[in-house]
Number of protein chains: 2
Amino acid sequence: MPKARANLETLYRIFTVPEEPDTTLGAIDKAITDDVAGFLQNHIVATERPLEEIEASFASSAIPEEPTYVSDYTEFVQDNLVAQSVHTAAPGFVGHMTSAFPYFMLPLSRLMTALNQNLVKVETSKAFTPMERQVLAMLHHLIYRCPDDFYPSWIHNSQAALGAFCSGGTIANITALWVARNRLFAPDGDFRGIAQEGLARSLKHHGIDGVAVLVSERGHYSLGKAADLLGLGRDQLVKVKTGQNNRIDLQALRQEVRRLQDQNIRPLALVGIAGTTETGNVDPLEAMADFAGELGCHFHVDAAWGGPTLFSDRHRSLLAGIERADSVTIDAHKQLYVPMGAGMVIFKDPTAVSAIEHHAAYILRHGSKDLGSHTLEGSRPGKALLVHAGLSIVGRKGYELLIDLGIERARIFAEMIRQHPDFELTSAPELNILTYRYCPSAIQQTLAAAGPQEQFRINAILDQVCQLLQKYQREAGKTFVSRTRLRMTGYGEEITVLRSVLANPLTTDEILMSVLADECEIARQPEIQALLEQI
Amino acid sequence: MPKARANLETLYRIFTVPEEPDTTLGAIDKAITDDVAGFLQNHIVATERPLEEIEASFASSAIPEEPTYVSDYTEFVQDNLVAQSVHTAAPGFVGHMTSAFPYFMLPLSRLMTALNQNLVKVETSKAFTPMERQVLAMLHHLIYRCPDDFYPSWIHNSQAALGAFCSGGTIANITALWVARNRLFAPDGDFRGIAQEGLARSLKHHGIDGVAVLVSERGHYSLGKAADLLGLGRDQLVKVKTGQNNRIDLQALRQEVRRLQDQNIRPLALVGIAGTTETGNVDPLEAMADFAGELGCHFHVDAAWGGPTLFSDRHRSLLAGIERADSVTIDAHKQLYVPMGAGMVIFKDPTAVSAIEHHAAYILRHGSKDLGSHTLEGSRPGKALLVHAGLSIVGRKGYELLIDLGIERARIFAEMIRQHPDFELTSAPELNILTYRYCPSAIQQTLAAAGPQEQFRINAILDQVCQLLQKYQREAGKTFVSRTRLRMTGYGEEITVLRSVLANPLTTDEILMSVLADECEIARQPEIQALLEQI
């Protein structure tokens, strides 16, 4: 790339002079402003290049010595990064938890970036602090529906917080379990609490050999990270088997707890899932709340995906019992339709976060309203604005429409798959996620008649078909579904399945038909046909 | 606010129709595009309103039932949020680690938001994955300067990572200590490692009673969070006293280590600071590296602030020894001039992150290049693009100019303070941060002649002066410095000081003179004069 000169004048220019609409970057900016969908459609190349080829454009570890002209850099980015990125907003991209988002999110994101507030403290965020606190209160209200006189005393209370805003569901889940752990091992007489004395002394003080977190085998992998990070160990993340509909098997849960207690290990938390990542199912939250109450342990609900179902009058009851959770994770960059990087954990008890409170001399002073005194992260951007905007502009009824639409679309897609001679629905949608696989009806019949060993052999071949099919579909770039491996009722061992998430309101029935049509066409490829012939 | 109607047509519109330039949001968007500095100057109200008043605009916990028109919402945001936010980019706002940023950051942020990639996995980020890996390699190269043939084998290696990108320095520091902890307690014979078995069993396996992290008393508060989160306990974050220039006292460090060893507590990590948050000083990194080597423990350098000093040929030597660190934290939203929410931890050994590796069935599969298999966070935005852009467009020499400029400006400001009859420089700038206090020369002389008790009394009054002065200056909104409390050589107990960070290239000498002039004017207020008369 041609080089500019590094001098103070150049430097001053790049900090002060905005892009002109006729430069390359200005033109891109204008194109995104005028028609973001068109921009993405025109600039992202559908057909996938091998990752190794793309890596060649990002191969140097040397930081360029001299400055580069913005236009030259922008052209590089347009050709090598934008063109080779993933069209996550495409209505035919129904494999991961991404979607198009409301148009106002883009200009408001720019406003947020331009203001460059740091939410760790009031001195660098002022009005953004009460705004974020309001967002947390709104989500608290959505989940817990506390009486109206509850909120005024807590929402802007410097001694409390109704939750914590963060970069995503993983940090939210970790924060919830961190609070649970620190509350279990709270200061007690001479014992100054786990935050101060650490885990080993805490176990000793309580005379126990460990603490465990229990979740179904559909639990998100962030819980494993949490168990590692918090010092519990992954052995103490107990993955309980699921029964009907990918929901936790309550009897198995009781057995696991007994097994733990026999080993002098105390249940720290039960984690219910409201929208499993892979299949979109909801655990029996009422029964889990009962059991957590019986055990006297923390009850966390990971509603990163399914939380916004609470907007829907029709479907809210699927999450019944969530209002009994001590903490709830909700991701804003999922079904609140906010751009990537926004999650929340909400605590029923506004004083719960005091278990992880921390201070410093230059900020987060005692009594301040600085949000950073009880967040896992430090410096953070003002992303809460985008949630605030979504809740205000879209409104409860707007989100209800989105939720209802997604669930309805998933049912329609499930019915398409059921009716199709070449596919098998492996998990019906409870919310808006379903799984299926390529398995022509003749093979379905063979499988039904076969013994366990033969079933195992056939399923292993179908797994390979599934894997190739997903890969080729992704590479072709017209439509996209994801894949995973699941142990599911009726299938013996783990099988590989295709996974579809129906959250983009721009996804139509026609597009879903084309998803299946694309897969049927790919299945006709010799490599896949050769596999199927082995059955 | 007037309400729109929630129906499918409205919904479809907000997902597809862009803002028009003549609407309120369109006009704001255009104003930011055309002249961001002017927009901030015109729309942020300088004079501070009490936080309690601002809270009244964010008091409701109810999510609006019906949709709101975007224009009405935007007007609300303009009047109640933008107007009452903090002008962090103002050249007279020299109290926290914020600055104006290069103009291209805004349109590239919009591009990043529009693409909405999720960096947790290749399937939702494609070219963004190698781009982020390249950024990590560039920073690795900046710190460690490994030979050119080192990088090709590691940069895009699925079994390794040269670091982890994250939302900020706190997550970076936590990640570094997480890796250190898991490497110390690696699998060993029957012992399956801390990630699996947890901290209590790990201590038992090693026959020790605890592990400690040692850092100077200037260490960032995120290290306390890390000690809590990782289960070590804050007792085991040993804050070693500082000697000359706010640097760790090496003799005291040795003593603390001996004390720990006597208690059967093993040093897990030494943390050196390259740019203390409060005073901008750099620990003796070479000596600390030597000592960490002697102890056989992890050496982490928190260079969240000072890392980019490595760009400067003139000042790089201040950080000598950083290339011997096992891990280094660098914040991109500080001296890489990227908007809020971007940090990195870099590991010398590209296989170090395998200590915290994790997988899932639907993503992060073994052998994949998914970045999420070794990050603390899960879903993450493509912020690495902005670092990539900064390094490419500004270049090494451009950043060098910025670093040199900031250090030079800090020296000039220090000299202004030294020469001024009403101020006392409490810590001279080593990098671009300094502290001072309002202390007229007559009082300086009184203090010099006074005994310890009288000094204590006078300093307590000066603390109050400092606190009020900083508050009134912030409220007036013309210029801003922060304040902190520090125990410093020559001052006995902790004193309150004003703190200035000189990183905004648009800050001129005239502005720095006005910072002091504003303070002198505020000091003439009766409340402050009454305090000073007590001396």
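Residues numbered from 1 in each chain as written. Chains lettered and ligands numbered in written order. Predicted model: local features only at pLDDT ≥ 70, side-chain atom pairs only at ≥ 80, totals over all residues.

1. Observations concerning the relation of the copies chain B and chain A
There are two copies of the chain, and a rotation about an axis plus a shift along that axis relates them. We count it as follows: Each copy is superposed on the other by least squares, with the fit set by C-alpha atoms of residues at a pLDDT of at least 70 in both. By the convention adopted here, residues are in contact when the distance between their C-beta atoms, placed from the backbone, does not exceed 7 Å.
Of the transformation placing chain B onto chain A, the axial shift is 0.0 Å and the rotation is 180°, giving an RMSD of 0.0 Å. Taken together, the turn and the small shift mark the pair as related by a two-fold rotation axis. A shared interface surface links the copies, since 99% of the contact residues of chain B are contact residues in chain A too.

2. A short note on the sheet that holds strand β8 (residues 423–427) of chain B
Residue and element names in this part refer to chain B. Rules: Pairing between two strands requires that DSSP report at least two bridges joining them. Strands are runs of DSSP state E lasting at least 2 residues, helices are runs of H or I lasting at least 4, and numbering of each runs from the N terminus. All axes are obtained by fitting lines to C-alpha atoms, using only the stretch in contact for helices, and the reported angles, taken between N-to-C directions, cover 0 to 180 degrees.
The strand order β8-β9-β11-β10 describes an open sheet built from four strands, whose pairing is antiparallel. Each edge of the open sheet is held by one strand with a lone partner, namely β8 and β10 (482–486). Pairwise comparison of adjacent strand axes, ignoring direction, gives a mean angle of 45° for this sheet. With respect to the sheet, helix α17 (residues 452–476) is in contact with β9 (433–438), β10 and β11 (495–501), its orientation differing from that of β11 by roughly 35°.

3. Structural notes on the domain arrangement of chain A
Heads up, the condition is: Start and end positions for the domains come from either an automated domain assignment or a database one.
Each domain of chain A was delimited in the assignment, giving domain 1 (8–85), domain 2 (169–331) and domain 3 (406–533). Between the C-alpha centres of domain 1 of chain A and domain 3 of chain A the distance comes to 37 Å.

4. Digging into the interface of chain B and chain A
Threshold: All amino acids are sorted into three groups, where Ala, Val, Leu, Ile, Met, Phe, Trp, Tyr, Cys and Pro are nonpolar, Asp, Glu, Lys and Arg are charged, and the leftover types, Gly among them, are polar.
If you look at the interface, chain B gives 145 residues, while chain A gives 144 residues. Here the side of chain B that touches chain A takes 10 residues from helix α7 (residues 128–144) of chain B, the largest share from any one element. For the side of chain B that touches chain A, a count of residues per class yields 75 nonpolar, 44 polar and 26 charged.

5. Quick notes on unusual backbone geometry
Residues and elements named next belong to chain A. Just so we agree on the cut-off: To assign burial, the other C-beta atoms lying within 10 Å of each residue's own C-beta are counted, with C-beta atoms placed from the backbone; 20 or more indicates buried, 12 or fewer indicates exposed, and intermediate counts indicate partly exposed.
Not every positive phi belongs to a glycine, and N264 is a case in point at roughly 60°. With respect to the element layout, N264 can be found in the loop between α12 (250–262) and β4 (265–273). Given 12 C-beta atoms within a 10 Å radius, N264 is considered exposed.

6. Brief notes about the sheet that holds strand β1 (residues 163–166) of chain B
Residue and element names in this part refer to chain B. Read across the open sheet, the seven strands follow the order β1-β7-β6-β5-β4-β2-β3; overall the sheet is mixed. What marks the edges here is a single partner per strand, and that holds for β1 and β3 (237–240). Each neighbouring strand pair of the sheet contributes to a mean axis angle of 20°, computed without reference to strand direction. Judged from the three bridges that link them, strand β5 (residues 298–302) and strand β6 (residues 327–331) form a sheet pairing that is parallel.

7. Quick word on the confidence of the model for chain A
Stated precisely, the cut-off is as follows: As a per-residue measure, pLDDT reflects the predictor's confidence and takes values from 0 up to 100.
On average, residues of chain A carry a pLDDT of 95, and 99% of them reach 70 or more. Overall fold confidence for the complex sits at a pTM of 0.97, while the interface term, ipTM, reaches 0.97.

8. A short note on the nonpolar core
A general tendency of soluble globular proteins is for nonpolar side chains to be buried together. Let me state the cut-off plainly: In this description, a nonpolar core means buried residues of the types Ala, Val, Leu, Ile, Met, Phe, Trp, Tyr and Cys, linked to one another by C-beta atoms lying within 7 Å.
With 337 residues, the main nonpolar core has V213 and M344 of chain A together with V213 of chain B as its most contacted residues. Apart from residues no more than four positions distant in its own chain, M344 of chain A is found in contact with L136, L139, G163, A164, F165, C166, A172, I330 and A332 of chain A.

9. Thoughts on helix α1 (residues 8–16) of chain A
The test is simple: This arc corresponds to the set of directions leading from the helix axis out to the C-beta atoms.
By the burial criterion, the buried members of α1 of chain A are L11, I14 and F15 of chain A. Projected down its long axis, α1 of chain A shows its buried positions confined to an angular sector of 100°, all on one face. In α1 of chain A, the exposed residues that point more than 90 degrees away from the buried face are E9 and Y12 of chain A. Looking at the buried side of α1 of chain A, the elements it contacts are α15 (395–419) of chain B.

10. Details of the packing of helix α7 (residues 128–144) of chain A against helix α14 (residues 384–393) of chain A
Helix-helix packing is described using two parameters, namely the angle between the two axes and the distance between the axes. All names here are of chain A. For clarity, the cut-off: Oblique is the label for any angle not under 35 degrees, not over 145, and not in the 65 to 115 range, which are roughly parallel, roughly antiparallel and roughly perpendicular in turn. Put simply, a crossing is left-handed when the front helix is turned counterclockwise from the back one by less than a right angle, and right-handed when it is turned clockwise.
Two elements in contact, α7 and α14, have axes whose closest approach is 9 Å; the angle formed by their N-to-C orientations is 50°. By the angle class used here, α7 and α14 are oblique. You can see that α7 and α14 cross each other, and the crossing is left-handed. Facing α7, whose interface residues are M131, E132, Q134, V135 and M138, α14 presents A384, L385, V387, H388 and L391.

11. Some words on the environment of H140 of chain B
Mapping H140 of chain B onto the fold places it in helix α7. Overall, H140 of chain B belongs to the buried group, with 25 C-beta atoms counted inside 10 Å. In the structure, H140 of chain B is positioned 339 residues away from T479 of chain B in sequence and 37 Å away in space, judged by C-alpha atoms. With residues near it in sequence (within four places) discarded, H140 of chain B still touches S61 of chain A together with L162, G163 and I346 of chain B.

12. As for helix α11 (residues 222–229) of chain B
Residues and elements named next belong to chain B. Within α11, seven of the eight residues are buried, leaving the element largely enclosed by the surrounding structure. Along α11, the residues that are buried comprise S222, L223, K225, A226, A227, D228 and L229. Note on α11: the residue one or two positions beyond its end, G231, has a positive phi of about 85°.

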